Amino acid sequence: MLSHFLLSSSLAATFLSLSLSVVALPAPEPHVHDDVSQRSLPARWYHDDSFHAHALFRRQAATPTDPSGFPQVGTPAWAAAYPSDTPNSNNMPQAWKDALNTAVQAGKIPNIAPSKQSSPGANPTYGNLNPSSAQVCSGTYGCRIPGQVWDAPAGVLGVSFDDGPLPPSDKLYAFLQQNQIRATHFYIGVNIIQNWKEFNLAFQNQDDIAVHTWTHPYMTTLSNADVVAQLGWTLQVIYNSTGGRLARFWRPPYGDTDTRVTAIAKEVFGLTTVVWNQDTNDWSLGESGGTNPQAIQSNFQKWLSGPKTPGLIILEHELSTGSVAAFQAGFPLMKQYNWTLKSVAELDGQGAYQNAQDSTSPVNSVALTAGGNGGAGLVPTSSSSATPNNAVQTSASGSSASTSSAPDNSVKKSSGAPTFKPSSIILTLSTSALGLLVGLCLV
């Protein structure tokens, strides 16, 4: 009997020793690879080109006042994150600079000089280059670049308004709501800061938000970097103020774009350029030599009673009470001639945003996983709720928009230090129990 007890004690000790040796072993270190494979999101409505625009704007950490990470639109912390006037491209986030440099080095940005103007408001010129040539293809001269949007589908009138948000926007938004009209608003960045209540209202009304630059310049007259700053800051404030939605569309002020500017918008930020095929000139209402309500109504009659192929994209503004009234006066004609009204951002059925279908659908966050700013895979990181907390909100303390805190595109690696996991403890306890059980059986 004594021998059996000694034998069982010895076996129990052996199993206990084995269990202790398990504790001494660290859990396997995760594999870390620099060459992260490319993956695609399951749905096809979002912008799925392989460029890196999604990585240039990212949700910030949650704040005590807002767990979504976006301070409420209209607060001082929200407004302080953005330029108060013409943005200085030297101070924009490094990620935007890197994205531009990568696109230039890859030969994706045409090497043509910025245009010149002989006087303010004059049509831009290109020296010895023909502005209508394929090399330049200036929108000011009516030249169309493949991939731009100028026409709506047959029988469709694409509804959009430029230059908001502004005080006259309130009356327009009420009219759109009353008549169940969905529109795209090509917003100016500084106007969003100054008229944030109107911005909130448009988004809450489920209209589509798009880019009309930060301060409304002639874009072809700017350097590459200044083009990026004008687009980037407007994208940033929209992104931060709509729960992380990345706009798909932009409209060049005055229709002033060319191959260089169009390429920068597309390659750096994933933006599609939208122009128009009819112009009300409503921006000039009340100006000396400008148009008048009767002329606008006469043009509506001509356009709306005419052929339905191609469809219409009419340039209109929420710039003044008069421009809003002009749209209201033309609306009965749109119904009379059986036009289908659609928001310009919805014309292709691919959604208003690169990572969300519209203002109510879930937002798919995507991140640059590896490979630098060219050709890296876009992978889903999270899906947030359709409506941000506290109506429409923006990034915490403006950190993603500040020059000192550019989005982090790096791949995080583990420290390599040994780690212990709960599974190791469970295995230890199980092994010890088994040793004692065997010892008792032998006794």
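Residues numbered from 1 in each chain as written. Predicted model: local features only at pLDDT ≥ 70, side-chain atom pairs only at ≥ 80, totals over all residues. Heavy atoms only, no water.

**Some thoughts on the overall build of the protein**
For step 1, the next point in the chain: Of regular secondary structure, the protein possesses 11 helices and 10 strands.
For step 2, the next point in the chain: Among the 443 residues that make up the protein, the fraction classed as buried is 50%.
For step 3, the next point in the chain: Of the contacts formed within the protein by residues at least 6 apart in sequence, a portion of 77% connects residues at least 24 apart. (Helix = DSSP H or I, 4+ residues; strand = E, 2+ residues; numbered from the N terminus. Buried < 20%, exposed > 50% of the residue type's maximum accessible area, 1.4 Å probe, protein only. Contact = heavy atoms within 4.5 Å.)

**Details of the environment of Val-190**
For step 1, the next point in the chain: For Val-190, the location among the structural elements is in helix 5 (residues 189-194).
For step 2, the next point in the chain: On the basis of relative accessible area, Val-190 is assigned to the buried category, the value being 13%.
For step 3, the next point in the chain: Taking the C-alpha atoms as reference points, Val-190 and His-216, separated by 26 residues in sequence, lie 9.3 Å from one another.

**Some thoughts on helix 3 (residues 94-105)**
For step 1, the next point in the chain: In this model helix 3 runs 16 Å from its N-terminal to its C-terminal C-alpha over 12 residues, within 8% of the 16 Å that 1.5 Å per residue would give.
For step 2, the next point in the chain: Buried within helix 3 are the following residues: Ala-95, Trp-96, Ala-99, Leu-100 and Ala-103. Along helix 3, the residues classed as buried sweep out an arc of 135° about the axis, all on the same side.
For step 3, the next point in the chain: For helix 3, the elements touching its buried residues are helix 7 (224-241) and helix 8 (259-269).
For step 4, the next point in the chain: Following helix 3 by one or two positions, Gly-107 adopts a phi angle in the positive range, close to 80°. (Expected span 1.5 Å × (residues − 1). Arc of directions from axis to C-beta.)

**Here's the deal with the packing of helix 3 against helix 7**
For step 1, the next point in the chain: For the pair helix 3 and helix 7, the least separation of the axes is 10 Å and the interaxial angle reads 130°. It follows from the interaxial angle that helix 3 and helix 7 lie oblique. The crossing of helix 3 and helix 7 is right-handed. Facing helix 3, whose interface residues are Trp-96, Leu-100 and Val-104, helix 7 presents Asn-224, Ala-225, Val-228, Gly-232, Trp-233 and Gln-236.
For step 2, the next point in the chain: The residue inventory of the contact of helix 3 with helix 7, partitioned by class, reads 6 nonpolar, 3 polar and no charged. (Axes fitted to C-alpha atoms, helices over the stretch in contact; angles between N-to-C directions. Parallel < 35°, antiparallel > 145°, perpendicular 65-115°, else oblique. Left-handed = near helix turned anticlockwise from the far one by under 90°. Nonpolar A, V, L, I, M, F, W, Y, C, P; charged D, E, K, R; others polar.)

**A look at the pairing of strand 7 (residues 312-315)**
For step 1, the next point in the chain: Burial along strand 7 is two-sided: the residues Leu-312 and Ile-314 and Ile-313 and Leu-315 are all buried.
For step 2, the next point in the chain: Of the strand pairs in this sheet, strand 1 (residues 156-162) and strand 7 are connected by 2 bridges, and their pairing is parallel. Bridge pairing in strand 7 links Gly-158 to Ile-313.
For step 3, the next point in the chain: Strand direction decides the pairing type here: strand 6 (residues 278-279) and strand 7, joined by 2 bridges, are parallel. (Pairing = 2+ DSSP bridges.)

**Regarding the pattern of salt bridges**
For step 1, the next point in the chain: Going through the model one piece at a time under the given rule, you end up with 6 salt bridges.
For step 2, the next point in the chain: Residue Lys-108 pairs with Glu-267 through a salt bridge whose shortest N-O separation is 3.9 Å. On the criterion of sequence distance, the pair formed by Lys-108 in the loop between helix 3 and strand 1 and Glu-267 in helix 8 is long-range, its members being 159 residues apart.
For step 3, the next point in the chain: Look at Lys-108 and you get partly exposed, because its relative accessible area is 45%. (Salt bridge = Lys/Arg side-chain N within 4 Å of Asp/Glu carboxyl O.)

**Notes on the state of the cysteines**
For step 1, the next point in the chain: Tallied over the full model, the rule gives 1 disulfide.
For step 2, the next point in the chain: In this model Cys-137 forms its disulfide with Cys-143; the gap between the sulfur atoms is 2.0 Å. Note on the Cys-137 and Cys-143 pair: the S-S dihedral is about -95°, so by sign convention the disulfide is left-handed.
For step 3, the next point in the chain: For Cys-143, a relative accessible area of 15% gives the class buried. (Disulfide = S-S within 2.5 Å.)

**A closer look at the pairing of strand 3 (residues 208-211)**
For step 1, the next point in the chain: Going residue by residue along strand 3, you find Asp-208 and Ala-210 tucked away on one face and Ile-209 and Val-211 tucked away on the opposite face as well.
For step 2, the next point in the chain: The pairing of strand 2 (residues 184-187) with strand 3 spans 4 bridges and is classified as parallel. Note on strand 3: the bridge partner recorded for Phe-186 is Ala-210.

**What to know about the packing of helix 7 against helix 8**
For step 1, the next point in the chain: At a minimum axis distance of 10 Å, the contact between helix 7 and helix 8 shows a crossing angle of 50°. One way to sum up the angle between helix 7 and helix 8 is to call them oblique. Handedness of the crossing formed by helix 7 with helix 8: right-handed. In this structure, helix 7 contributes Asn-224, Val-227, Val-228, Leu-231, Gly-232 and Leu-235 to the contact, and helix 8 contributes Arg-260, Val-261, Ile-264, Ala-265, Val-268 and Phe-269.
For step 2, the next point in the chain: Each residue belonging to the contact of helix 7 with helix 8 can be placed in one class, and the counts come to 9 nonpolar, 2 polar and 1 charged.

**What about helix 4 (residues 169-178)?**
For step 1, the next point in the chain: Of all the residues in helix 4, the buried ones are Ser-169, Leu-172, Tyr-173, Phe-175 and Leu-176. Down the axis, helix 4 shows its buried residues gathered within 160° of arc, on one side only.
For step 2, the next point in the chain: Trailing helix 4 by a residue or two, Gln-180 shows a phi angle of about 55°, which is positive.

**Focus on the packing of aromatic side chains**
For step 1, the next point in the chain: Summed over all chains, the structure comprises 11 aromatic pairs.
For step 2, the next point in the chain: Considering the side-chain rings of Phe-161 and Phe-327, the 5.0 Å spacing of their centres and the 85° angle between planes classify their relative orientation as edge-to-face. Within this pair, whereas Phe-161 is found in strand 1, its partner Phe-327 is found in helix 10 (residues 321-336), the two being separated by 166 residues in sequence.
For step 3, the next point in the chain: A residue is classified by how much of its surface remains accessible, and Phe-327, at 1% relative accessible area, is buried. (Phe/Tyr/Trp six-rings, centres within 6.5 Å; stacked < 30°, edge-to-face > 60°.)

**As for the confidence of the model for the protein**
For step 1, the next point in the chain: Per-residue confidence for the protein averages 78 on the pLDDT scale, and 67% of its residues sit at or above 70.
For step 2, the next point in the chain: Predicted confidence for residues 59-65 stays below pLDDT 50, and this span has 19 contacts to residues more than four positions away or in other chains.
For step 3, the next point in the chain: Ignoring residues within four places in sequence, the model shows residues 366-381, a span with pLDDT below 50, making 48 contacts including any to other chains. (pLDDT = per-residue confidence, 0-100.)

**Describing the side chain of Ser-284**
For step 1, the next point in the chain: Along the polypeptide, Ser-284 turns up in the loop between strand 6 and helix 9 (293-304).
For step 2, the next point in the chain: The class of Ser-284 is buried, set by a relative accessible area of 6%.
For step 3, the next point in the chain: Side-chain polar atoms of Ser-284 contact the backbone oxygen of Asn-281, separated by 2.8 Å. (Polar contact = N/O pair within 3.5 Å; in protein donor to acceptor, adjacent residues only side chain to side chain.)

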